[in-house]
Amino acid sequence: MSKMLIISCCFITKRMNFPLPFLLGPLMAAGIFNLVGPGAPEIPDFWLSMSQLLIGTHLGYTLKVDNPRLFRKMFGAVFLSNILLIGFCYFLSIQLAPQLSLQPNELFLSMAPGGVAEMAVTAMSVHVDLTVVTSFHLFRILFILFLLSPVIKWLAGRNEGKQEQGQS
């Protein structure tokens, strides 16, 4: 029953051209399970560990160092910006946790930079509320895709129009 619902949700999201259909489909199925059923099925520890290993392997594989000199130049700036970003997320999680009635580690994972899949696997591994973490990340993705993207396209179109008027 649960496998059919997950496959159906994947098919529906793919058919409706949702962004990230193979991520949003299972998340939609988990939401349906939580709304009408006993809750989403538990993932065995073996598969959770295997998913962490595969995600880490994929991230390492996709890291390309085509130009070692550029990599060495950029490493310091990238490292510093990541430390500052993670530090800012940690600071925000400590400050906002009491107001939102959430655990600081749960809120930190919710705000931390990274993909939904990576943060979801990490949340399951450290036993924090998966729904909170994925909700924050999905909100960020959907905000960018459905609100920020059209605004940027509109602004870009406006700038092109002004440039064409200036050239005439």
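Calculation rules
Residues numbered from 1 in each chain as written. Predicted model: local features only at pLDDT ≥ 70, side-chain atom pairs only at ≥ 80, totals over all residues. Heavy atoms only, no water. Helix = DSSP H or I, 4+ residues; strand = E, 2+ residues; numbered from the N terminus. Buried < 20%, exposed > 50% of the residue type's maximum accessible area, 1.4 Å probe, protein only. Contact = heavy atoms within 4.5 Å. Phe/Tyr/Trp six-rings, centres within 6.5 Å; stacked < 30°, edge-to-face > 60°.

**Details of the side chain of serine 110**
On the secondary structure map, serine 110 appears in helix α5 (residues 104–111). The exposure class of serine 110 is buried, given its relative accessible area of 4%. Residues within four places of serine 110 in sequence aside, it is in contact with Val132, Val133, Phe136 and His137.

**Here we look at the environment of asparagine 82**
Structurally, asparagine 82 can be placed in helix α4 (residues 68–100). Exposure remark for asparagine 82: the relative accessible area of 37% places this residue in the partly exposed category.

**Some words on the packing of aromatic side chains**
Applying the stated criterion across every chain yields a total of 4 aromatic pairs. An angle of 75 degrees between the planes, with centres 6.2 Å apart, marks the rings of tyrosine 90 and phenylalanine 108 as edge-to-face. Residue tyrosine 90 is located in helix α4, and its partner phenylalanine 108 is located in helix α5; the two are separated by 18 residues in the primary sequence. On the basis of relative accessibility, which here comes to 23%, the residue phenylalanine 108 falls in the partly exposed class.

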